[in-house]
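Here is what each chain is made of, one letter per residue.
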Amino acid sequence: MNPQLNLLPKSAWKPDDRPLLITGPCSAETPAQFRATLEQLAPLRPDAVRAGIWKPRTRPNNFEGVGKEALSWAVELAAEQDLPLMVEVASGKHVDEALQAGVKMLWIGARTTVNPFMVQEIADAVQGTSVPMLVKNPVNPDLELWIGAIERLNKAGITQLGAIHRGFSGYEKSIFRNHPNWEIPIEMKRLLPELLLICDPSHISGNSLLVPDLAQIAIDLDFDGLMIETHFDPQNAWSDAKQQITPQELKALMAGLIYRREQTDDVVFNAKLEELRSQIDEVDARLIEILRERLLLASEVGRVKNQNDITILQPRRWSEIFNSRLEKAAQSEIDSHFMTRLLHLLHQESINTQVKMFKEARDTVKKDA
Ligand code: PEP
Ligand code: MN
């Protein structure tokens, strides 16, 4: 079922076509650090500044944020630059303290979005206010949970709402701190086109060097804006030192972004695109035919395995298929990560077909007995 939200238009967040920019340090560390960072950010006129007051850290004994005491000076320093301050809240108490101190906007972090109890507590705390809020994706790749958190806030009367894509935890090694799984925010956009959707390349990458490329990808995927961590002295930051960039680097990043249009009236280009797309349509039709053929063969294999009491999973055969196909794909310059995922999908579908077939055969025997 498509989620129904009652939202203010995106223009409530951003007055023009420019992507929304929210930037500032991972954590508000000291008044001097926040002031130095803000002074350098102010000429860029971001739409809001961010600062973590309470920090959800993976392991104990790390800096867990200055806490409540930082609110008064952070609010004051942001106001000096005439920039709205946005902070992360993870409980009803955080909401009360932040709003009382004069914080203008709130966001919910990835570790909180996973927990409907906490999200509901936050929703109850913001009820009756009109504070603009953003919701980061949950750490696990679960679009329903992400949408659920947004719905809870919307039901509490928050209509200036948006989502932040910050990537998803994974067990495998990756160049990213959090895997982007772009298909998930793309699906969010399809389901909720009216919802503001911004990207946080800092937490996806975990690496300041990767931030500009990820920001460009987000713009190319038509995200509405960016949340980027900046620090006047990233190397000495008290949290997320590896991924923060300086305000000067942010300036270069923003100036280097290429903005593209979704459509054009150029007849030659449109004709070329049309031709390429019809070729893709044909290839897809062939692909579906080939998939059907493969699935029919897998069923036939299932039928003979069942007749001969042979297990569905054949580890040696699977390993042989996996290695040989990966090698062949590599020769054709097909990305190994993509091929690995595709092979797992194909294999799982064959297994599903055979499991279903074995069960039907068992049920028939039972019925006949
Ligand atoms: C943060 O924004 O500093 C933060 C803690 O992010 P996330 O919730 O994405 O981990
Ligand atoms: Mn951070």
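Our subject is the structure that appears above.
Note that the coordinates shown come from a computational prediction; the quantities given were computed from them, not determined experimentally. Residue numbers run consecutively from 1 along every chain, following the written order of its sequence. The lettering of chains begins at A and the numbering of ligands begins at 1, in the order of writing. The model is predicted, so local features are restricted to residues of pLDDT at least 70 and side-chain atom pairs to those at 80 or more, both for listing and for counting; the totals for chains, interfaces and linings are taken over all residues. Side-chain figures throughout are based on the complete set of non-hydrogen atoms in the structure, without hydrogens or water.

A. Summary view of the coordination of the manganese ion (ligand 2). For the manganese ion (ligand 2), the protein coordination sphere consists of Cys26 (SG), His203 (NE2), Glu229 (OE) and Asp240 (OD), at 2.1 to 2.4 Å. Only nitrogen, oxygen and sulfur atoms count as donors, using a 2.8 Å cut-off from the metal that widens to 3.2 Å for Na, K and Ca. Water is left out, so coordination shells may look unfilled. Within one chain, the residues donating to the manganese ion (ligand 2) are spaced in sequence as C-x176-H-x25-E-x10-D. Remark: aspartate 240 occurs in the loop between β8 (225-229) and α10 (247-256) and histidine 203 occurs in helix α8 (residues 201-205); sequence separation between them is 37 residues. When accessible area is computed with a 1.4 Å probe and restricted to protein chains, residues below 20% of their type maximum are described as buried, those above 50% as exposed, and intermediate ones as partly exposed. Residue classification places aspartate 240 among the buried positions, given a relative accessible area of 16%. Where helices and strands are cited, they refer to DSSP runs of H or I of at least four residues and of E of at least two residues respectively, numbered from the N terminus.

B. Spatial organisation of the nonpolar core. Of all hydrophobic cores here, the largest spans 65 residues; its most connected members are Leu85, Leu106, Met133, Trp146, Leu153 and Met188. Top contributing element to this core by residue count: helix α2 (residues 69-80), with seven residues. Remark: nonpolar core denotes a set of buried residues (Ala, Val, Leu, Ile, Met, Phe, Trp, Tyr, Cys) joined through side-chain atoms within 4.5 Å. Counting residues in each nonpolar core, the second largest holds twelve residues, with Ala48, Met86, Met105 and Leu134 among its members.

C. Spatial organisation of helix α1 (residues 31-41). Within α1 the residues assigned to the buried category are Gln33, Phe34, Ala36, Thr37, Leu38 and Leu41. Residues are treated as being in contact if the distance between any of their heavy atoms lies within 4.5 Å. In this fold, the buried residues of α1 make contact with β1 (20-24), β2 (48-50), α2, β3 (85-89) and α10.

D. Geometry of a negative patch on the surface. Patch construction takes residues with relative accessible area above 30% that form no salt bridge. Like charges are linked within 9 Å, and nonpolar side chains (Val, Leu, Ile, Met, Phe, Trp, Tyr) are linked within 5 Å. Where accessible areas are quoted, they stem from the Shrake-Rupley method and a 1.4 Å probe; at the residue level, only the protein chains shown are allowed to cover. For this document, the term salt bridge refers to a Lys or Arg side-chain nitrogen within 4 Å of an Asp or Glu carboxyl oxygen. A positive count includes Lys and Arg, and a negative count includes Asp and Glu. His and the chain ends are not counted in either. For the purpose of locating charges, the reference atoms are NZ of Lys, CZ of Arg, CG of Asp and CD of Glu. A contiguous patch of negative charge on the surface is contributed by Glu274, Asp281, Glu282 and Asp284. When you line up the elements, glutamate 282 lands in helix α11 (residues 267-307). Judged by relative accessible area, which is 54%, glutamate 282 ranks as exposed.

E. Geometry of the environment of alanine 98. You can see alanine 98 is positioned in helix α3 (residues 92-101). Its relative accessible area of 0% is what places alanine 98 among the buried residues. In the structure, alanine 98 is positioned twelve residues away from methionine 86 in sequence and 9.3 Å away in space, judged by C-alpha atoms. Ignoring anything within four residues of it in the chain, the contact list for alanine 98 reads Trp54, Leu71, Val87, Val89, Val103 and Leu106.

F. The pattern of salt bridges, seen in detail. Under the definition given, this model contains 15 salt bridges. Salt-bridge contacts for arginine 177 lead to aspartate 240; the nearest nitrogen and oxygen are separated by 3.1 Å. You can see arginine 177 sitting in the loop between β6 (161-165) and α7 (183-191) and its partner aspartate 240 sitting in the loop between β8 and α10, a full 63 residues away along the chain. One salt bridge connects lysine 359 with aspartate 363, and the closest N-O pair in it is separated by 3.1 Å. Here aspartate 363 and lysine 359 lie together in helix α13 (residues 336-368), a separation of four residues that amounts to about one turn. On the accessibility criterion, lysine 359 (43% relative accessible area) is partly exposed. Aspartate 363 gets classed as partly exposed once you look at its relative accessible area, which sits at 29%. The network of salt bridges with shared partners includes Asp16, Arg18 and Asp47.

G. Representation of the environment of valine 131 within the structure. Within the secondary structure layout, valine 131 lies in the loop between α5 (116-126) and β5 (133-136). Judged by relative accessible area, valine 131 falls into the buried class, the value being 7%. Between the C-alpha atom of valine 131 and that of proline 247, which follows or precedes it by 116 residues, the distance is 27 Å. If we skip the residues at most four places from it in the chain, valine 131 touches Leu99, Lys104, Met105, Leu106, Val126, Ile158 and Gln160.

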